[in-house]
Amino acid sequence: NEEATRVDVNQILADLDHFIRVHPSRHNNQFTIESLPQNMAVRINGTDLIQILLNLVINAFQSSAKPHSVQIQASLMPQALDLRTFKDGPHDRLLNVEDFENMGPLLAVAVCDDGPGIPPELLPKIFEPYFTTKSERQGTGLGLSIVQRLIKQAKGALNVHTRPGEGTTFTVYLPAFPVQPEESKK
């Protein structure tokens with residue numbers, strides 16, 4: 001049943017905001033969320049979308065021991081992505097192109113940090129299960145492989161753009177729909 005798996009994006013972002021305000025990994029990091037000016041729905045289980053974004057935000061918080069800023073920016077793209085503009089390289093990866101339902105409108109949710117960035121030699125490995133740069137206490141190395149699996153199930157795509165010394169942006173792309181009036185009440 002497709003109707004059951006449609007979630008209201010701005011509601012999910014508001015829920016996520018509550019989680020993160022009290023999350024221990026937040027420490028002294030700055031955190032902001034920019035929701036959609038015009039609300040949309042996406043076809044994904046709400047807990048899956050929260051899990052994707054929570055994983056990405058916690059990774060961003062943990063990317064540096066120094067206080068830094070993490071931002072979630074949601075935007076709507078009326079057209080399909082031009083996949084030719086994405087090039088896998090030392091600073092970029094685009095995942096799940098083969099299963100991606102690339103038709104507008106698309107929701108783009110970017111999780112950006114101004115931490116240390118991902119070194120080019122690690123970028124190809126970050127989605128491997130159990131790969132982690134964190135201590136055992138901090139992580140299992142499953143976060144990004146789970147993120148990737150959930151995005152794949154939702155027929156979305158994930159782009160990583162990173163610059164050592166400048167930070168990293170993970171952008172999740174998901175097929176979007178106008179919010180039906182009864183959905184916004186749920």
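Description of the structure in this document. For every chain, the first residue of its written sequence is number 1, and the numbers climb from 1 along that sequence. pLDDT decides what is reported in this predicted model: residues at 70 or higher carry local features, side-chain atom pairs at 80 or more are listed and counted, and totals for whole chains, interfaces and linings draw on all residues regardless. To get the side-chain values, take all heavy atoms of the structure and skip hydrogens and water.

**Considering the overall build of the protein chain**
Here a strand is any run of E in DSSP of at least two residues, a helix any run of H or I of at least four, and the numbering for each starts at the N terminus. Of regular secondary structure, the protein chain possesses 3 helices and 8 strands. Each residue is placed in one exposure class: buried if its accessible area under a 1.4 Å probe, protein chains only, is under 20% of its type's maximum, exposed if it is over 50%, and partly exposed if it falls in between. Of all 186 residues assigned to the protein chain, the portion counted as buried reaches 45%. Only heavy atoms matter for contacts: two residues are in contact if any of them lie within 4.5 Å across the pair. Contacts spanning at least 24 positions in sequence make up 79% of the contacts within the protein chain whose residues lie at least 6 apart. As displayed, the protein chain has an accessible area near 9,900 Å², and 53% of this comes from carbon and sulfur atoms. Accessible areas in this description were obtained via Shrake-Rupley with a 1.4 Å probe; residue shielding takes into account the shown protein chains only.

**Examining the pattern of salt bridges**
By salt bridge we mean one thing: a side-chain nitrogen of Lys or Arg within 4 Å of a carboxyl oxygen of Asp or Glu. Across all of its chains, the model carries 4 salt bridges by this definition. Residue arginine 43 pairs with glutamate 101 through a salt bridge whose shortest N-O separation is 3.8 Å. Separated by 58 residues along the polypeptide, arginine 43 in strand 3 (residues 40-43) and glutamate 101 in the loop between strand 5 (92-95) and strand 6 (106-113) bring together distant segments of the chain. What makes arginine 43 partly exposed here is its relative accessible area of 24%. Of the residues examined, glutamate 101 reaches a relative accessible area of 21% and is grouped as partly exposed.

**Digging into helix 1 (residues 9-21)**
Helix span, as expected, comes to 1.5 Å for every residue beyond the first. Taking 1.5 Å of rise per residue, the 13 residues of helix 1 would be expected to cover 18 Å, and the 18 Å separating its terminal C-alpha atoms lies within 8% of that figure. Listed in full, the buried residues belonging to helix 1 are Val9, Asn10, Ile12, Leu13, Leu16 and Ile20. Projected down its long axis, helix 1 carries its buried residues within an arc of 150 degrees, all on one side. Looking at the packing, one finds that the buried side of helix 1 touches strand 1 (6-8), strand 2 (30-34), strand 3, helix 2 (46-61), strand 4 (69-77) and strand 6. Two or three places before asparagine 10, at the start of helix 1, stands the capping residue aspartate 8, its side-chain oxygen 3.2 Å from that residue's backbone nitrogen. Taken from the helix axis, the directions to the C-beta atoms give the arc we talk about. Polar contact is defined as a pair of N or O atoms within 3.5 Å, subject to the rule that within protein one atom must be able to donate a hydrogen and the other to accept it, and that residues adjacent in sequence are counted only when both atoms are side-chain atoms.

**Notes on the packing of helix 1 against helix 2**
Lines fitted to C-alpha atoms define the axes here, with helix axes fitted over just the stretch in contact, and angles between the N-to-C directions of these axes take values from 0 to 180 degrees. Their axes nearest at 10 Å, the elements helix 1 and helix 2 cross at an angle of 45 degrees. As far as their axial angle goes, helix 2 and helix 1 are oblique. Crossing handedness for the pair helix 1 and helix 2: right-handed. Of the residues in helix 2, those touching helix 1 at Ile12, Leu13, Asp15, Leu16, Phe19 and Ile20 are Gly46, Leu49, Ile50, Leu53, Leu54, Val57 and Phe61. In these notes the angle categories are as follows: under 35 degrees is roughly parallel, over 145 is roughly antiparallel, 65 to 115 is roughly perpendicular, and the rest is oblique. A clockwise turn of the near helix away from the far one marks a right-handed crossing, whereas an anticlockwise turn of less than a right angle marks a left-handed crossing.

**Observations regarding the packing of aromatic side chains**
Two rings from Phe, Tyr or Trp (for Trp, the six-membered ring) form a pair when their centres are within 6.5 Å of each other. A pair whose planes differ by under 30 degrees is stacked, one over 60 is edge-to-face, and the rest are tilted. Here the structure, examined in full by the defined rule, presents 3 aromatic pairs. On the numbers, 6.2 Å between centres and 85 degrees between planes, the contact of phenylalanine 86 with tyrosine 173 is edge-to-face. Of this pair, phenylalanine 86 sits in the loop between strand 4 and strand 5 while tyrosine 173 is found in strand 8 (residues 167-178), placing the two residues 87 residues apart along the sequence. Across this residue pair, the class does not change: phenylalanine 86 and tyrosine 173 are buried. Ring plane angle 75 degrees and centroid distance 6.4 Å describe the contact between phenylalanine 127 and phenylalanine 170, whose orientation is recorded as edge-to-face. Placement of phenylalanine 127 in the loop between strand 6 and helix 3 (143-153) and of phenylalanine 170 in strand 8 is noted, with a sequence separation of 43 residues between them. Judged on exposure class, the residue phenylalanine 127 and its partner phenylalanine 170 are both buried.

**Some remarks on unusual backbone geometry**
In terms of backbone geometry, most residues other than glycine have negative phi values and most peptide bonds are trans. In this model, glycine 104 is joined to proline 105 through a cis peptide bond whose omega is -5 degrees. By secondary structure assignment, the location of proline 105 is in the loop between strand 5 and strand 6. The backbone of lysine 155 shows a phi angle near 60 degrees, a positive value even though the residue is not glycine.

**Focus: helix 3**
Listed in full, the buried residues belonging to helix 3 are Gly143, Leu144, Ser145, Val147, Leu150 and Ile151. Two residues or fewer after helix 3 comes lysine 155, characterised by a positive phi angle close to 60 degrees.

**Here we look at the pairing of strand 7 (residues 157-163)**
In terms of burial, strand 7 is largely enclosed, as 5 of its 7 residues are buried. Note on pairing: DSSP must find at least two bridges between two strands before they are called paired. The pairing of strand 5 with strand 7 spans 4 bridges and is classified as antiparallel. Opposite leucine 94, over in strand 7, you have asparagine 159 as the bridge partner. Relative to strand 8, strand 7 runs antiparallel, the two being bridged by 7 bridges. In the sheet register, alanine 157 faces strand 8, and the bridge partner there is tyrosine 173. Counted along the chain from strand 7 to the antiparallel partner strand 8, the turn is 3 residues long, and its residue glycine 165 has a positive phi close to 85 degrees.

Shape is all these values report; function is a separate question.
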